[in-house]
Amino acid sequence: MSKMKLKIEKTAVTGFCVGVRRAIDILEKVARERGQIETLGPVVHNRHVMQRLADIGVRAANSVEEIQGNTVAISAHGVGPAMEEKIRERNIEIVNLTCSFVRRAQNAAQKLASDGFFVIVYGDMNHTEVKGILGWADGKGIATMDENLFSTTERLPHRLGVLSQTTQIPVRFNEFVKKIIDHALTKDAELRIIDTICHDIRERQQATLELANRVDIMLVIGSHSSANTNHLTELCTTATKTYQVETAEEIEPSWFTGKEHVGITSGTSTAEETINEVVAKLESL
Ligand code: SF4
């Protein structure tokens, strides 16, 4: 174990993002007023936050069929219109916690599709947010991160609308868009590109990378099931030795042998309290 006093530095942007903060505040308020509320799937990708919410009566239903009460909250990731319809058909009231940045991407997909554009969402096709965005494109779109889409797909529609999952890495989205432009403009295509990356993600990634370039080691705090946390880890790894932990208990003192300067960042669903616990653990090494 290192006996050297570690210099600990946090990024300027840590803790909950505005969308997660709002979702948790509303859930807490509704749970207090009604004694309980269900959410469709986990409302944040963080076991500890979900446990705290469970303690005040917030229960996650994994599908519409599993909803037991007459009110359900949709997470900050949002859902497509077909899912909203399915919930309403069962006379279940919706508390819509969809983040405004996700809503912006959903609106963009809906507008593009109604204007006759085929929608390409740069993102993970298995992610809840992406499925929801595509739902608003009314079946006229795909999700991909394959930059070679044009060379591998025989024929794509002539009018293409491109947007991004809100939590993607901006510089990668730029590269993706450039490739599409290069291919599409040789095929008489019409392109509409909309920047739908969340502002918090953009700032958090910039601040994180700036710090990662100055420290000996980075700790990224957040769940492995959180897309934005995994992207932070991916970015930090390009700059320095990086570990991702969900809680302070996962920290191994041996990681810090010979290190002087440690940087800390967090995903958007990591509570400030968890970050403080990590700092306290580092200070005790
Ligand atoms: S990361 Fe951005 S898009 Fe996602 S919930 Fe937070 S503020 Fe909204």
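See the structure printed just above.
Description of the structure in this document. Note that this is a predicted model, so its numbers are computed, not measured.

Section: the pattern of salt bridges
Part 1 of the reasoning: Throughout the structure, instances matching the rule amount to 19 salt bridges.
Part 2 of the reasoning: Here Asp 115 makes a salt bridge to Arg 192, at a shortest N to O gap of 3.0 Å. Taken together, the residues span a long stretch of sequence, with Asp 115 in the loop between α4 (100–114) and β6 (118–122) and Arg 192 in strand β9 (residues 190–193) at a distance of 77 residues.
Part 3 of the reasoning: Here Glu 190 makes a salt bridge to Arg 159, at a shortest N to O gap of 3.0 Å. Of this pair, Glu 190 sits in strand β9 while Arg 159 is found in strand β8 (residues 159–164), placing the two residues 31 residues apart along the sequence.
Part 4 of the reasoning: Given the relative accessible area of 32%, Glu 190 is considered partly exposed.
Part 5 of the reasoning: Salt bridges linked by common partners bring Glu 9, Glu 210 and Arg 214 together as one network.

A few points about the side chain of Thr 240
Part 1 of the reasoning: Looking at where Thr 240 falls in the secondary structure, it is placed in the loop between α9 (227–237) and β11 (241–245).
Part 2 of the reasoning: Residues in contact with Thr 240, not counting those within four places in the same chain, are Ala 212, Val 215, Asp 216, Ile 217 and Met 218.

What about unusual backbone geometry?
Part 1 of the reasoning: In this structure, Asn 91 is a non-glycine residue whose phi angle is positive, near 60°.
Part 2 of the reasoning: Of note in this structure, Asp 138 is not a glycine but carries a positive phi near 55°.
Part 3 of the reasoning: Note that Asp 138 resides in the loop between α5 (128–136) and β7 (141–144).
Part 4 of the reasoning: Take Asp 138: its relative accessible area is 58%, and that puts it in the exposed class.

Observations concerning the packing of aromatic side chains
Part 1 of the reasoning: If you walk through the whole model with that rule in mind, you get four aromatic pairs.
Part 2 of the reasoning: On the numbers, 5.8 Å between centres and 35° between planes, the contact of Tyr 122 with Phe 173 is tilted. Of this pair, Tyr 122 sits in strand β6 while Phe 173 sits in helix α7 (residues 170–184), and the two are 51 residues apart along the sequence. When sorted by exposure, Tyr 122 lands in the same class as Phe 173, which is buried.
Part 3 of the reasoning: Here the aromatic rings of Trp 255 and Phe 256 are separated by 6.3 Å at their centres, their planes lie at 50°, and the arrangement is tilted. For the residue pair Trp 255 and Phe 256, the accessibility class agrees, reading buried in each case.
Part 4 of the reasoning: Directly above the ring of Trp 136 sits Arg 103, whose terminal nitrogen or CZ lies 4.5 Å from the centroid.
Part 5 of the reasoning: The lysine or arginine in question, Arg 159, covers the ring of Phe 117, its NZ or CZ lying 4.4 Å from the ring centre.

Some points on the sheet that holds strand β4 (residues 71–74)
Part 1 of the reasoning: Across the sheet, four strands lie side by side as β3-β2-β4-β5; this open sheet has parallel pairing. Unpaired on one side and paired on the other, β3 (58–61) and β5 (93–96) mark the two borders of the sheet. Between one strand axis and the next, the sheet turns through 35° on average, direction left out of account.
Part 2 of the reasoning: Pairing geometry for strand β2 (residues 37–40) and β4, over two bridges, is parallel. Residue Thr 39 lies in a different strand from β4, and its bridge partner there is Ala 73.
Part 3 of the reasoning: Packed on one face of the sheet, helix α1 (residues 18–34) meets β2, β3, β4 and β5 and runs near 145° to β2.

A word on the pairing of β4
Part 1 of the reasoning: Neither face of β4 is left uncovered, since the one carrying Thr 71 and Ala 73 and the one carrying Val 72 and Ile 74 both have all their residues buried.
Part 2 of the reasoning: Where β4 meets β5, four bridges bridge the pair, whose relative direction is parallel. Note that in β5 the partner of Ala 73 across the bridge is Val 95.
Part 3 of the reasoning: Crossover handedness for the path β4 to helix α3 (residues 81–89) to β5: right-handed.

Some points on the environment of Met 218
Part 1 of the reasoning: Secondary-structure assignment places Met 218 in strand β10 (residues 217–221).
Part 2 of the reasoning: On the basis of relative accessibility, which here comes to 0%, the residue Met 218 falls in the buried class.
Part 3 of the reasoning: Among residues more than four places away in sequence, those in contact with Met 218 are Thr 208, Leu 211, Ala 212, Cys 236, Thr 240, Lys 241, Thr 242, Tyr 243, Gly 263, Ile 264 and Thr 265.

Scoring rules and cut-offs
- Numbers given for residues are sequential positions, taken from 1 along each chain in its written order.
- It should be noted that, the model being predicted, local features are given only for residues of pLDDT at least 70 and side-chain atom pairs only at 80 or more, the latter also being counted only at that level, while totals for whole chains, interfaces and linings use all residues.
- Just so you know, side-chain values use all the structure's heavy atoms and leave hydrogens and water out.
- One side-chain nitrogen of Lys or Arg within 4 Å of one carboxyl oxygen of Asp or Glu is enough to make a salt bridge.
- What counts as a helix is a DSSP run of H or I of at least four residues, what counts as a strand is a run of E of at least two, and both are numbered from the N terminus.
- Only protein chains enter the area calculation, which uses a 1.4 Å probe; residues under 20% of their type maximum are buried, those over 50% are exposed, and those in between are partly exposed.
- Residue contacts are defined here by distance: any two heavy atoms, one from each residue, within 4.5 Å place the two residues in contact.
- Any two of the Phe, Tyr and Trp rings considered here, Trp counted by its six-membered ring, make a pair once their centres fall within 6.5 Å; the pair's planes then place it as stacked at under 30 degrees, edge-to-face at over 60, or tilted in between.
- In this scheme, Lys NZ or Arg CZ marks a charge over a ring once it lies within 6 Å of the ring centre and within 35 degrees of the ring normal.
- One requirement defines pairing of two strands: DSSP has to find at least two bridges between them.
- For helices, the fitted line uses only the C-alpha atoms of the stretch in contact; every axis is such a line through C-alpha atoms, and the angle between N-to-C directions lies from 0 to 180 degrees.
- By the criterion used throughout, a crossover qualifies as right-handed when its path from the first strand across the helix to the second strand runs clockwise, the strands pointing away from the viewer.

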